[in-house]
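# Topology and contacts: notes
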Amino acid sequence: KKKLLFDPGTEFKYSNMAYDLLGYLIEYLSEMPFADYLKTQILIPANMPTADFDFSRLPTELKVTPYTKSSASLQPRKNYPYNPAHAPSSTLNANVRELLN
């Protein structure tokens, strides 16, 4: 019962939900979890073997701590919990060297 903000193809607006839906379609069509499909079909062929959607699976030496500015100082922030449903829109972890590939 929701209405579109504009007719498809007439405007562009970024949407995490749209990327998550695309991830679901990849899962459905490939019959593989999104992260596994991307790892085997995109990341490894692109020479990005350590890139991953789940922060906990990254090699320890490649992990960094995110910081948040709070009261004029930087405070370490806890890493976000991994949620496979949102991997397509927001959780690719990769180092600069691999991103250049």
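An account of the accompanying structure is given in this report.

What counts, and where the lines are drawn
- Residue indices begin from 1 for each chain and proceed along its sequence in written order.
- In keeping with the predicted nature of the model, local features appear solely for residues at pLDDT of at least 70, side-chain atom pairs appear and are counted solely at 80 or more, and the whole-chain, interface and lining totals rest on all residues.
- Only hydrogens and water are set aside when side-chain values are computed; all heavy atoms of the structure are taken into account.
- Numbered from the N terminus, helices here are DSSP runs of H or I no shorter than four residues, and strands are runs of E no shorter than two.
- Taken over C-alpha atoms, the radius of gyration is set against a globule rule of 2.2 Å times the number of residues to the power 0.38.
- Here the term buried applies to any residue with accessible area under 20% of the maximum for its type, exposed to any over 50%, and partly exposed to those in between, with areas from a 1.4 Å probe on protein chains only.
- Contact between two residues is taken to exist if any of their heavy atoms lie within 4.5 Å; hydrogens are not considered.
- Surface accessibility in these figures is a Shrake-Rupley result with a 1.4 Å probe; residues are shielded only by whichever protein chains are displayed.
- Here the positive residues are Lys and Arg and the negative ones are Asp and Glu; neither His nor the chain ends is included.
- By convention, charge coordinates are those of NZ in Lys, CZ in Arg, CG in Asp, or CD in Glu.
- We define the nonpolar core as a collection of buried residues of types Ala, Val, Leu, Ile, Met, Phe, Trp, Tyr and Cys that are connected through side-chain atoms lying within 4.5 Å of one another.
- Basic side-chain nitrogens of Lys or Arg form a salt bridge, by our definition, when they fall within 4 Å of a carboxyl oxygen of Asp or Glu.
- The span one expects for a helix is its residue count, reduced by one, times 1.5 Å.
- Throughout this description, a polar contact denotes any pair of N or O atoms lying within 3.5 Å of each other; where both atoms belong to protein, one of them has to be capable of donating a hydrogen while the other can accept it, and for residues adjacent in sequence the pair is counted only when both atoms sit in side chains.
- For patch building, the residue pool is restricted to those with more than 30% relative accessible area and no salt bridge; the joining distance is 9 Å between like charges and 5 Å between nonpolar side chains (Val, Leu, Ile, Met, Phe, Trp, Tyr).

Within the chain, the secondary structure is distributed over 4 helices and 2 strands. Helices (α) and strands (β) of the chain occur, in sequence order from the N terminus, as α-α-β-β-α-α. For 101 residues, the compact-globule formula gives about 13 Å, and the C-alpha radius of gyration of the chain, at 17 Å, lies well above that figure. Across its three principal axes, the chain shows a C-alpha extent of roughly 45 × 40 × 25 Å. Considering the chain as a whole, with its 101 residues, one finds that 21% of them fall into the buried category. Contacts in the chain between residues at least 24 apart in sequence constitute 47% of all its contacts with a sequence separation of at least 6. Entry remark: accessible area of the chain is about 8,200 Å², with carbon and sulfur atoms responsible for 59%. Within the chain, the 10 negative side-chain charges are centred at a point lying 11 Å from the centre of the 11 positive side-chain charges.

A few words now on the nonpolar core. Membership of the largest hydrophobic core is limited to 8 residues, which are F34, A35, L38, L43, M48, A51, F53 and A87. Among the elements that take part in this core, helix α2 (residues 34–43) stands out by supplying 4 residues, more than any other. With sequence-adjacent residues up to four places away left out, A51 is seen in contact with K39, L43, L92, N93, A94 and E98.

Let us look at the pattern of salt bridges. Taken as a whole, this structure holds 2 salt bridges when the rule is applied. Across the pair K39 and D52 runs a salt bridge, and its minimum N-O distance is 3.9 Å. You can see K39 sitting in helix α2 and its partner D52 sitting in the loop between α2 and β1 (67–70), a full 13 residues away along the chain. Both residues of the pair, K39 and D52, belong to the buried class.

Before going further, it helps to examine helix α1 (residues 16–30). Counted at 1.5 Å a residue, the expected span for α1 with its 15 residues is 21 Å, and the 21 Å between its end C-alpha atoms agrees. Immediately downstream of α1, the backbone of E31 shows phi near 60°, a positive value.

Once that is clear, we can look at the side chain of N93. Mapping N93 onto the fold places it in the loop between α3 (87–90) and α4 (96–99). Looking at N93, the relative accessible area reads 13%, which means it is buried. At 2.9 Å, the side chain of N93 forms a polar contact with the backbone oxygen of T91. Setting aside anything within four residues of it in sequence, one finds N93 in contact with A51, D52, F53, D54, F55, L58 and Y80.

Residues F12, Y14, Y19, L21, L22, Y24, L25, Y28 and L29 make up a contiguous nonpolar surface patch of roughly 1,100 Å² in combined accessible area. Within the fold, Y24 resides in helix α1. A residue is classified by how much of its surface remains accessible, and Y24, at 48% relative accessible area, is partly exposed.

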